[in-house]
Amino acid sequence: MSIVIVGGNDRMIRFYKDTCEDFGCRAKVFTQMRDGLKNKIGSPDLIILFTGTVSHKMVQYTLEEARRSNAQVRRSHSSSLAALRNILSEHCGG
């Protein structure tokens, strides 16, 4: 399963990716607005928005891409590993 995480903390990127790998998923993580974000999201199966640490503009771009690629979107105000694990356990099993 392919996952895109938008938001979160810069120092947690490696932990987010490792946690996704533990659930058998590949992950891309975008913690900050970068040029071409819209083109880098791709066509994931699941998009996770950490709403407490993401700008409104990033949310808009991400939701546009989710509609285009027909990806599921999950929002979490918390950007903790526990929140990520809960979302992954619902969508990826494990």
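About the criteria used
Each residue is numbered by its place in its chain's sequence as written, counting from 1. Totals for whole chains, interfaces and linings use every residue, but because this is a predicted model, local features are given only for residues with pLDDT of at least 70 and side-chain atom pairs only at 80 or more, for both listing and counting. Hydrogens and water molecules were not included; the side-chain quantities draw on all heavy atoms of the structure. Every helix listed is a DSSP run of H or I at least four residues long, and every strand listed is a run of E at least two residues long, numbered separately from the N terminus. In this description the radius of gyration comes from C-alpha coordinates, and the expected globular size is given by 2.2 Å times residues to the power 0.38. The classification of residues rests on relative accessible area computed with a 1.4 Å probe and restricted to protein chains. Under 20% of the type maximum is buried, over 50% is exposed, and intermediate values are partly exposed. Any pair of residues with heavy atoms lying within 4.5 Å of one another is described as a contacting pair. Note on areas: these come from Shrake-Rupley sampling with a 1.4 Å probe, and a residue is covered only by the protein chains present in the view. For the purposes of these results, a polar contact is taken to be a pair of N or O atoms within 3.5 Å, where, inside protein, one atom must be able to donate a hydrogen and its partner to accept one; residues adjacent in sequence count only when each atom of the pair is a side-chain atom. At least two bridges found by DSSP between two strands are what make those strands a pair. Lines fitted to the C-alpha atoms define the axes, with helices restricted to the stretch that makes contact. Angles between their N-to-C directions range from 0 to 180 degrees. Put simply, a salt bridge is a Lys or Arg side-chain nitrogen that is within 4 Å of an Asp or Glu carboxyl oxygen.

**Some points on the overall build of the chain**
The helix and strand inventory of the chain stands at 4 helices and 4 strands. From first element to last, N terminus to C terminus, the chain shows the α and β order β-α-β-α-β-α-β-α. For 94 residues, the compact-globule formula gives about 12 Å, and the C-alpha radius of gyration of the chain, at 12 Å, lands near that figure. Among the 94 residues that make up the chain, the fraction classed as buried is 41%. The long-range share in the chain, meaning contacts at least 24 apart out of those at least 6 apart in sequence, stands at 69%. On the chain, roughly 5,300 Å² of surface is accessible, and the fraction owed to carbon and sulfur atoms is 44%.

**A closer look at the side chain of S76**
Mapped onto the secondary structure, S76 falls in strand β4 (residues 72-76). Judged by relative accessible area, which is 11%, S76 ranks as buried. A distance of 2.8 Å separates a polar side-chain atom of S76 from the backbone oxygen of S78. Once residues within four sequence positions are removed from consideration, S76 is found in contact with L49, F50, T51, G52, A83 and I87.

**Let's talk about the sheet that holds strand β3 (residues 46-50)**
Strand order in the open sheet formed by 4 strands is β2-β1-β3-β4, and the pairing between neighbours is parallel. The sheet is open, and its two edges are formed by β2 (26-30) and β4, each paired on a single side. In this sheet, adjacent strand axes meet at a mean angle of 20 degrees when their direction is disregarded. Note: strand β1 (residues 2-6) against β3, 4 bridges, orientation parallel. Considered in β3, the bridge of I3 is made with L46. Across the sheet, helix α3 (residues 56-69) touches β1, β2, β3 and β4, and the angle it forms with β3 is around 165 degrees.

**Description of the pattern of salt bridges**
Applying the stated criterion across every chain yields a total of 4 salt bridges. With a closest N to O distance of 3.1 Å, R14 and D18 form a salt bridge. You can see R14 and its partner D18 sitting in helix α1 (residues 13-22), 4 residues apart, about one turn around the helix. In this structure, the salt-bridge partner of R74 is E90, at a minimum N-O distance of 2.3 Å. Here R74, found in strand β4, pairs with E90, found in helix α4 (residues 81-92); they are 16 residues apart in sequence, far enough to count as distant. Judged by relative accessible area, R74 falls into the partly exposed class, the value being 23%. According to the relative accessible area criterion, E90 is exposed, its value standing at 55%. Shared partners join several salt bridges into a network, and the residues in it are R14, D18 and E21.

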